[in-house]
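This is what each chain is made of:
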Amino acid sequence: MDLLLPLIDALSYILILVLIALGLMIVFGMMGVINMAHGELFMIGAYVMVVCQSAGLPFLVGLLLAPLIVGLLGLLIEMLLIRHIYLRPLDTILATWGLSIALKQGIVLIFGPESQSIASPINEMITIGDFSYPLYRTLVMLAAILLIGGTFWLFLKTDFGLQARAVIARPDTAATLGINTRQLYRSSFVIGTALAGLAGALVAPTISVDPQMGLGYLIPGFLSILVGGAGPLAGVLVGGSAVGGANSLLTVWISPVAAQIAVFIMAILVIRLRPEGILGGRK
Amino acid sequence: MLELDSITSGYGDARVIQDFSCTAEAGRITALMGRNGMGKTTLLKTVMGLLPITSGQILLDSAPLERLNPHERSRQGLGYVPQGREVFENFTVAENLRLAALGSSLDHLDMLPQIYDWFPILKERLDQKAGTFSGGQQQILAIARALITRPKILLLDEPTEGIQPSIVRDISLQLSRIAKETGLTILLVEQNVDMVKTMADDIAFIENGKMMEKCLLEDLGPDDALLHRYLSI
Amino acid sequence: MRPLVPLLILAVLFAIAPLFVGSYWVSQLSYYLIYGLLALSLSLVWGYGGILCFGQAIFFGIGGYVMAAMTKGMISPFLINSYLSLFCSVFAASLFAVILGYFLFAGKGINGPYLAIVTLAIAIVLERLMSNWYAMGGYNGLLDIPPLNLGLFWFDYELWDSLPIFYTLLITVFVIFAGITLLLKSSYGTLLTALKTHPERLAFFGFSVLQIRLSVFALSAAIAGLSGALFVTVDGFASPTLIGFTLSTEILIWVAIGGKEMLMAAFLGAILTRFAENWLSEIFGDYWILLLGILFMISVVLLPKGLIATPLAALERKLGVRL
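Since this is a predicted model, take the numbers as computed values, not measurements.

*Asks:* I tried to follow the overall build of chain A on my own but got confused; where do I start?
*Replies:* Per the secondary structure count, chain A includes eleven helices and two strands. When the helices and strands of chain A are read in sequence order from the N terminus, they spell out α-α-α-α-β-β-α-α-α-α-α-α-α. Taken over C-alpha atoms, the radius of gyration comes to 19 Å for chain A, in line with the 19 Å a tight globule of 283 residues would show. Along the three orthogonal principal directions, the C-alpha set of chain A runs to about 60 × 45 × 35 Å. When each of the 283 residues of chain A is scored for burial, the buried share is 57%.

Encoded structure:
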């Protein structure tokens, strides 16, 4: 059983990473916008849970509010910031970086720099044979699988997804068919941010919630996209598994620093040997 | 009726289209001819809103379009078949057609039987990816896609480019038939004389971004003098 | 020599500053000079080389740690000469850049957003590595790093006082500043412009894009390494923050706010942001960082050329000179 626990922990980390990377990728794939503040949106999702907990609201209400509030914030960000720099993709990195600094500091000012803890709503363990695992973590994994599946369904099977993929492939042509590309950009951005907010809220009880937590997910998220390849959505699954799995397992088996360095070297080797990512595909 | 009134546009500081005026009469097929690099594609892109207009007016049935976004112009009734066809290669035929309906109105899917009647090949290959099609088949798909949006006027940018002559003829005949049946107005940008002679009612000539002359097909002159002058044939 | 006139004016302003301010501000100005040099290194690689490096502190930190380890005699008690140590710091920083650059730029390579992320990730990884490397001081860093010793052979001249430190840095920084300015006016500068705008054509004309990229990356790393080495001799202290994420971000903000495509603007961006921080963080406290983030956003959206570069460019046009 020494092997099973780290493997399941790794799986749960991978699923969260994929959720974050999907949000990043939707925004990057559609608009060419790199959202450096994505990690902070994830963080704010977790802080919504902090507020809900201290306000005595039920856990499920928090889970509902987090994507709503973060999605709304995403809408504001799109309207006030991103919209003005769609055509300057490199500047979006800098502008969202500025945003990330501001959001982080905003949280420090309101909640202080120290880490907060969220009580898990369910304390039971799930036991199979002599192996037991917290039920809440299991539920989070299930929820993540559903959300990932839902996102794939949205982009691959629905009319919204058809339009979104058309805009990714040929934005001008899609527009000449009457498709409102700006509107689609906006909705995709909001979907990506709401996803990050919900992910933050879901994992909040299982991690330490602090103002610096965003970056710890942003970078592996980006490395996942880089390793998996930015073309098809499935690349995120492969990249997220490689980065998240290696990171999580090596942290347990060797040390956090060694894990980070190893993941990093892996990413650099992939860049060098397979610049289009493991799955290849269009950038 | 589409009226272009002293349009100027281009890329950055380069003015490709200068003070261009032209009218495509309702229910007629107008062909705009000119050599390569004379600004034909630039003009259509400007009409669609893909390129910013510096000055001038674009009127569709007297409604000004020049301040609208491309998707709004499409909804006002401009149907566009771009140069190079630009179908969505990774989408099936059915998805390509559905996409066009999504851009305008899903009710337009009612037109599908009509479309299949005009272009039976699309019905046969509904689930095939557009990327596997030949140039001519992609062209048919691009035209069908534009027709689904129920345009008042169809803008065709060099539909014959890179397509076999026999298929060019089929497409021209089919388009004339559709125009006659439905009263669709067409503005065709083309260098292919055969296609123009098969389809067009009116012919306009563009040179260096300027409107030079416009005449009826019958008035091309003895031995196609105008064609010789503006196309150096 | 004309391009150096504005530089000279700035140098003179710095040189006479100690006549008007106390020793606290003289030592602050020394730090500003080092940060200015660091900003120049990022402006060179990003604004002129088109390589967006989010982890410029990597090279600053490498320079700083190598300098600290050598002058403290941790490598060998005989290898504590300041000049030799400076050389090794600069060399180590640019060697790291060449190796890293080879992995990142060769072949199809990566650029834009990916490069930013990868360099940022390296900075974070190195910061954690240094925090855990106990031989190099670990989390607490290295203390009691000796000051610069300008002596040669059997003379010793250690820089302990703020004035000699200030003037030594002033000369060093402005000589390098002038050097980069002249270099960018030469045909190398033209190559860099071509690299930024039309890399594929550059390859067509027989230039190796990889070599040019590597050269500018390594040169920038060398300058950053030098500033790191100078920093630890002035500060006497090398810690993992030198190599890490926060400093990398700060450099980026200085240069973006100042203006990446103009050396003078980047240099002033570092100095003015630092000055503003000294002054405003007392007034605004923790709100200062919030303000800085917002200012950064606004300057990127509204003045993509930079908050300082935009008026400087207007001044240039008015006076008809190049700054």
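Back to the write-up after that little detour.
*Asks:* What is the right way to read the sheet that holds strand E1 (residues 2-11) of chain B from this model?
*Replies:* Sheet strands pair via backbone hydrogen bonds, and the direction of the pair is either parallel or antiparallel. Residue and element names in this part refer to chain B. Ordered in space as E2-E1-E4-E5, the four strands form an open sheet in which the pairing is antiparallel. Either end of the sheet is taken by a strand with one partner, and the two such strands are strand E2 (14-24) and strand E5 (63-64). Across six bridges, the pairing between E1 and strand E4 (residues 53-60) is antiparallel. Bridging across to E4, Thr8 finds its partner in Ser55. Most of the contacts of helix H1 (residues 40-48) go to E1, to which it runs at about 110°, and overall it touches E1, E2 and E4.

*Asks:* Honestly, the interface of chain C and chain A in this entry has me stumped. Any pointers?
*Replies:* Often the size quoted for an interface is simply the accessible area lost on bringing the parts together. Contacts between the two partners involve 40 residues from chain C, matched on the other side by 39 residues from chain A. Contact between chain C and chain A buries roughly 3700 Å² in total, counting both sides, with carbon and sulfur atoms accounting for 81%. Seen at the junction of chain C and chain A, the total is zero salt bridges. Going through the elements one at a time, helix H4 (82-105), helix H5 (112-132), helix H10 (245-258) and helix H12 (287-302) of chain C are the ones with two or more residues in the side of chain C that touches chain A. If you tally residues by element for the side of chain C that touches chain A, the top one is H5(C), at 14 residues. Of the residues in the side of chain C that touches chain A, the class split is 32 nonpolar, five polar and three charged.

*Asks:* Could you clarify how one ought to interpret the side chain of B:Lys40 in this entry?
*Replies:* All names here are of chain B. Tracing the chain through its elements places Lys40 in helix H1. Only 3.1 Å separates the side chain of Lys40 from the backbone oxygen of Arg35, close enough to count as a polar contact. Those residues in contact with Lys40 that sit more than four places away from it in its chain are Leu32, Met33, Gly34, Arg35, Glu158, Val189, Gln191 and Ile206.

Calculation criteria
Residues numbered from 1 in each chain as written. Chains lettered and ligands numbered in written order. Predicted model: local features only at pLDDT ≥ 70, side-chain atom pairs only at ≥ 80, totals over all residues. Heavy atoms only, no water. Helix = DSSP H or I, 4+ residues; strand = E, 2+ residues; numbered from the N terminus. Rg over C-alpha atoms; globule rule 2.2 N^0.38 Å. Buried < 20%, exposed > 50% of the residue type's maximum accessible area, 1.4 Å probe, protein only. Pairing = 2+ DSSP bridges. Contact = heavy atoms within 4.5 Å. Axes fitted to C-alpha atoms, helices over the stretch in contact; angles between N-to-C directions. Buried area = accessible area lost by both parts, 1.4 Å probe. Salt bridge = Lys/Arg side-chain N within 4 Å of Asp/Glu carboxyl O. Nonpolar A, V, L, I, M, F, W, Y, C, P; charged D, E, K, R; others polar. Polar contact = N/O pair within 3.5 Å; in protein donor to acceptor, adjacent residues only side chain to side chain.

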